[in-house]
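If you want the building blocks of each chain, they are given just below.
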Amino acid sequence: MVYIRRLEEIEKYALENNVPIMLKDGIEFLTKYIKDNNIKNILEIGSAIGYSSIKMALVDNDIKVTTIERDIDRYNIAVKNIKEFNLNNRINIILDDAFNVELNDTYDLIFIDAAKSQYIKFFEKFEKDLKQGGVIVTDNLSFHGLVEDESKTNNRNTKQLVRKIRKYIDYLKNNDKYITTFYTLGDGIAISIKK
Ligand code: SAH
Ligand code: MG
């Protein structure tokens, strides 16, 4: 009960401070996927304040999450939140740019939720750490609906980002090593299963 209230407080903090945590139906979909597919070892790129890693770890007592965050302020808040949930033994948070991190473990699921312009690079860097039959999940492929309809923005940088996300979607569609399914819930989620 205390945990539910605390999760709501984290959601409120994120909303008020513009921390882009997963949307409600998106995180529900992801945690259900983790449960249904008996996922135990998870890697997350982009922890922010620890919300999604806590939600994923709470699915089952034997789930382990490794999560990477490069922003020190968000990292510090995440560490505090993870401690409050007594999850420090199951969530390993790393403060670094993901591109500097070398891991020596393999994962059932890799969740890519960091800089949208670098998605192909994240995918190619971390796919070697995926187990056979494992899955790569990507968030924000709709990017507030802009990927479907770019005319909703006039901002040059945003348009650039939208094009990069489209490129990533094509990359997933054309990647023969994976079977990718796109879901229009949350802010757009892809599930890529390694063949
Ligand atoms: N997964 C979180 C939200 C992550 S928001 C949740 O749903 O609760 C994206 C985060 O990725 C930001 O905090 C940003 O600082 C971080 N990030 C972006 N690029 C990164 C990189 N190259 N390495 C590590 N973290 C990165
Ligand atoms: Mg996201």
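Please refer to the structure placed before this passage.
Keep in mind it's a predicted model, so treat the numbers as computed, not measured.

Scoring rules and cut-offs
Residues numbered from 1 in each chain as written. Chains lettered and ligands numbered in written order. Predicted model: local features only at pLDDT ≥ 70, side-chain atom pairs only at ≥ 80, totals over all residues. Heavy atoms only, no water. Axes fitted to C-alpha atoms, helices over the stretch in contact; angles between N-to-C directions. Helix = DSSP H or I, 4+ residues; strand = E, 2+ residues; numbered from the N terminus. Parallel < 35°, antiparallel > 145°, perpendicular 65-115°, else oblique. Left-handed = near helix turned anticlockwise from the far one by under 90°. Contact = heavy atoms within 4.5 Å. Nonpolar A, V, L, I, M, F, W, Y, C, P; charged D, E, K, R; others polar. Donors = N, O, S within 2.8 Å, 3.2 Å for Na, K, Ca; no water. Buried < 20%, exposed > 50% of the residue type's maximum accessible area, 1.4 Å probe, protein only. Core = buried A, V, L, I, M, F, W, Y, C linked by side-chain atoms within 4.5 Å. Expected span 1.5 Å × (residues − 1). Arc of directions from axis to C-beta. Near = heavy atom within 4 Å. Polar contact = N/O pair within 3.5 Å; in protein donor to acceptor, adjacent residues only side chain to side chain. Areas by Shrake-Rupley, 256 points an atom, 1.4 Å probe, with all protein chains shown as cover. Pairing = 2+ DSSP bridges. Right-handed = clockwise from strand over helix to strand, strands pointing away.

1. Regarding the packing of helix α1 (residues 2–16) against helix α4 (residues 72–84)
Turning to step 1, where the next piece is worked out: One can describe the packing of α1 onto α4 by two numbers: an axis separation of 11 Å at closest approach and a directional angle of 165°. Our classification of the angle between α1 and α4 gives roughly antiparallel. Pair α1 / α4 crosses with left-handed handedness. Between α1, through Tyr3, Arg6, Ile10 and Tyr13, and α4, the contact on the second element is made entirely by Ile77, Lys80, Asn81 and Glu84.
Turning to step 2, where the next piece is worked out: Tallied by class, the residues present in the contact of α1 with α4 amount to 4 nonpolar, 1 polar and 3 charged.

2. So, the coordination of the magnesium ion (ligand 2)
Turning to step 1, where the next piece is worked out: Protein coordination at the magnesium ion (ligand 2): the donors are Asp113 (OD), Asp139 (OD) and Asn140 (OD1), at 2.1 Å from the metal.
Turning to step 2, where the next piece is worked out: Taking the relative accessible area as the measure of exposure, Asp113 reaches 11% and is therefore buried.

3. A look at the nonpolar core
Turning to step 1, where the next piece is worked out: With 34 residues, the main nonpolar core has Leu30, Ile34, Ile42, Ile54, Leu109 and Val137 as its most contacted residues.
Turning to step 2, where the next piece is worked out: Elements that contribute at least two residues to this core include exactly α1, α2 (24–36), α3 (51–57), α4, β3 (91–95), β4 (107–112), β5 (130–138) and β7 (189–194).
Turning to step 3, where the next piece is worked out: Ranked by residues supplied to this core, first place goes to α2 with 5 residues.
Turning to step 4, where the next piece is worked out: Sequence-distant contacts of Leu30, that is, excluding residues within four places in its chain, are made with Met22, Met56, Leu109, Phe111 and Val137.
Turning to step 5, where the next piece is worked out: Core analysis: the next-biggest nonpolar cluster, separate from the first, contains 28 residues, Val101, Leu103, Ile136 and Tyr178 among them.

4. Details of α1
Turning to step 1, where the next piece is worked out: The end-to-end C-alpha separation of α1 is 21 Å, in line with the 21 Å expected for 15 residues at 1.5 Å each.
Turning to step 2, where the next piece is worked out: Of all the positions in α1, only Arg6, Leu7, Ile10, Glu11 and Ala14 are classed as buried. Burial along α1 is one-sided: seen end-on, the buried residues are contained in an arc of 145°. Seen from the buried face of α1, the exposed residues on the opposite side, beyond 90 degrees, are Val2, Arg5, Lys12, Leu15 and Glu16.
Turning to step 3, where the next piece is worked out: Turning to α1, the residues buried within the fold contact α2, α3 and α4.
Turning to step 4, where the next piece is worked out: Two residues or fewer past α1, Asn18 is found with a positive phi of approximately 55°.

5. Things to note about the site of ligand 1
Turning to step 1, where the next piece is worked out: Close contacts around ligand 1 come from 21 residues, with Gly46, Glu69, Arg74, Ala98 and Asp113 the closest.
Turning to step 2, where the next piece is worked out: One nitrogen or oxygen atom from the main chain of Ala115 is found 3.4 Å from a nitrogen atom belonging to ligand 1.
Turning to step 3, where the next piece is worked out: For ligand 1, the protein covers 95% of the area, taking 590 Å² as the surface of the free molecule.
Turning to step 4, where the next piece is worked out: Looking at the shell around ligand 1, its residues break down into 10 nonpolar, 3 polar and 8 charged.

6. Notes on the pairing of strand β2 (residues 64–69)
Turning to step 1, where the next piece is worked out: Taking burial as the measure, the 6 residues of β2 include 5 buried ones, the bulk of the element.
Turning to step 2, where the next piece is worked out: Bridge count between strand β1 (residues 41–45) and β2: 5 bridges; the pairing is parallel. By the bridge assignment for β2, Ile42 is matched with Val65.
Turning to step 3, where the next piece is worked out: Of the crossover connections in this fold, the one passing from β1 over α3 to the parallel β2 is right-handed.
Turning to step 4, where the next piece is worked out: Relative to β3, β2 runs parallel, the two sharing 5 bridges. Among the inter-strand pairings, Ile68 is bridged to a residue of β3, identified as Ile94.

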